[in-house]
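As a plain string of letters, each chain reads:
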Amino acid sequence: MAAPHDAEIRKDVQTYYGQVLKKSADLQTNACVTTARPVPKHIREALQNVHEEVALRYYGCGLVIPEHLENCWILDLGSGGGRDCYVLSQLVGEKGHVTGIDMTKGQVEVAEKYLDYHMEKYGFQASNVTFIHGYIEKLGEAGIKNESYDIVVSNCVINLVPDKQQVLQEAYRVLKHGGELYFSDVYTSLELPEEIRTHKVLWGECLGGALYWKELAILAQKIGFCPPRLVTANLITIQNKELERVIGDCRFVSATFRLFKCSKTGPTKRCQVIYNGGITGHEKELMFDANFTFKEGEIVEVDEETAAILKNSRFAQDFLIRPIGEKLPISGGCSALELKDIITDPFKLAEESDSMKSRCVPDAAGGCCGTKKSC
């Protein structure tokens, strides 16, 4: 049996998210309700300001809230009921703007229903959020212009689109130079067999259309992005015996990656960098990805790619960057300068995270090592 045509898949997904699912509790796997690290206080507070109905319509598989958002223009691919858009709108402020695009009309209507509620809640004089009914692989048809956004985010949606390369190509087109695609999605441990790729419920549950994780780097390079930077990863569990049978030996992981649109002109060798501190919610420590955490005032040795990203992105003013050997002024300590092995495999990271969790002692609130689950 051949794989379903794109139009048929779109229709099935729209039905699943517009009619079958009414709240996140209706999902049959944890693919769309996972988070992999503590949520900063300012984001938890922003989440609490989101209207209850909007929050109930949340089907994301991670937290797509990057750092340093003040005054940014952000595009949310597959914005659904608008939860992430409303969180981001608080963080970018009145001078920033957030656009959400979704192909399911019912979801867009839910999001638009609470525009006035949220703007009043935030004390904004004018709305800084716009919702569009359209396709994330056809942003041009929705009127979204070249190089018009600082950041593009997506939360467990790209897997629902048959043509992943076209989605990434469109994201690249609308990003400004130095911008980034910060997104959570579902990935597989191997190429999916036909039985999974043609299973309607598994498509709706974000598994049937999941990308083999090694393909992401290939697509990113083809389009022009810098290599993917793995941020977090969580193993996915199936809560349905019939779906378990269909899946067989395939494993799935929800992972967050950052893809930067940076020019090739930048540092061509390793550098030492110092984080200046001060980013909202990350004043003393910035967990940039799974491989690099920057503490205020400490020297960290980074590879050429990381140095180029820091220098050419919105983080440029937050770091002092110098070639190795050139003296850097420091007020704090100095981290180990040996470059470690870079983790790129989300399954490896998820397994390491699970191993660390199993060694943690739950605190009085039921969390682990002082962490909290997000909404």
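Residues numbered from 1 in each chain as written. Predicted model: local features only at pLDDT ≥ 70, side-chain atom pairs only at ≥ 80, totals over all residues. Heavy atoms only, no water.

Identification of the chain as Arsenite methyltransferase from Macaca fascicularis is taken from an unreviewed UniProt entry. Reading the Sequence similarities (unreviewed entry) entry of the UniProt record for the chain gives the comment "Belongs to the methyltransferase superfamily. Arsenite methyltransferase family." Heading Subcellular location (unreviewed entry) of the UniProt record for the chain holds this comment: "Cytoplasm, Cytosol". (UniProt positions renumbered as here; feature names shortened; annotations may be inferred.)

Peer 1: A description of the sheet that holds strand β12 (residues 299-302) should follow, citing residues and the corresponding values.
Peer 2: Taken in spatial order, the three strands of this open sheet run β12-β9-β13, and their pairing is antiparallel. Of all strands in the sheet, those bounded by a partner on one side alone are β12 and β13 (319-323). On average, adjacent strands in this sheet sit at an angle of 30 degrees to one another, irrespective of strand direction. With four bridges joining them, strand β9 (residues 271-275) and β12 adopt antiparallel strand pairing. Following the sheet pairing, Gln272 is matched in β12 by Glu301. Those strands touched by helix α12 (residues 304-312) are β9, β12 and β13, and its axis lies near 135 degrees from that of β13. (Pairing = 2+ DSSP bridges. Helix = DSSP H or I, 4+ residues; strand = E, 2+ residues; numbered from the N terminus. Axes fitted to C-alpha atoms, helices over the stretch in contact; angles between N-to-C directions. Contact = heavy atoms within 4.5 Å.)

Peer 1: Which residues make up α12, and what values do they have?
Peer 2: When we look at burial in α12, the residues that qualify are Thr306, Ala307, Ala308, Ile309 and Leu310. By the N-cap criterion, in which a side-chain oxygen at the helix start approaches the backbone nitrogen of a residue two or three places on, α12 is capped by Asp303, the distance to Glu305 being 3.0 Å. (Buried < 20%, exposed > 50% of the residue type's maximum accessible area, 1.4 Å probe, protein only. Polar contact = N/O pair within 3.5 Å; in protein donor to acceptor, adjacent residues only side chain to side chain.)

Peer 1: I'd like to hear about empty space enclosed by the protein, residue by residue, with values.
Peer 2: For the coordinates displayed, the defined rule picks out four cavities of 30 Å³ or more. Residue lining of the largest cavity: 27 residues in total, with Gly78, Ser79, Gly80, Asp102 and Val157 positioned closest to the centre. When residues of the lining of the largest cavity are traced back to their parent elements, those giving at least two are α1 (6-20) and α4 (83-92). Considering only enclosed or pocket space, the second largest cavity measures out at about 70 Å³ in volume. Every residue lining the second largest cavity is listed: Ile158, Asn159, Lys164, Leu168, Phe183, Asp185, Val186, Tyr187, Leu211, Leu216 and Leu219. Elements with a contribution of two residues or more to the lining of the second largest cavity: α7 (164-174), β5 (175-188) and α10 (213-223). Among the elements that line the lining of the second largest cavity, the one with the most residues is β5, at four residues. Along the lines of polarity and charge, the residues of the lining of the second largest cavity split into eight nonpolar, one polar and two charged. (1 Å grid on protein atoms, 1.4 Å probe; cavity = no way out; pocket = protein on both sides within 12 Å on 5 of 7 lines; lining within 4 Å. Points joined across faces, edges and corners; volume = space filled by probe spheres on them. Nonpolar A, V, L, I, M, F, W, Y, C, P; charged D, E, K, R; others polar.)

Peer 1: Residue-level account of the packing of helix α2 (residues 41-48) against α4, with values.
Peer 2: Put simply, α2 and α4 touch, their axes get as near as 9 Å, and they point 125 degrees apart. As far as their axial angle goes, α4 and α2 are oblique. Considering only the axes of α2 and α4, their crossing is right-handed. When α2 is examined against α4, the residues His42, Ile43, Ala46 and Leu47 are found in contact with a partner set consisting of Arg83, Val87, Gln90 and Leu91. By residue class, the composition of the contact of α2 with α4 is five nonpolar, two polar and one charged. (Parallel < 35°, antiparallel > 145°, perpendicular 65-115°, else oblique. Left-handed = near helix turned anticlockwise from the far one by under 90°.)

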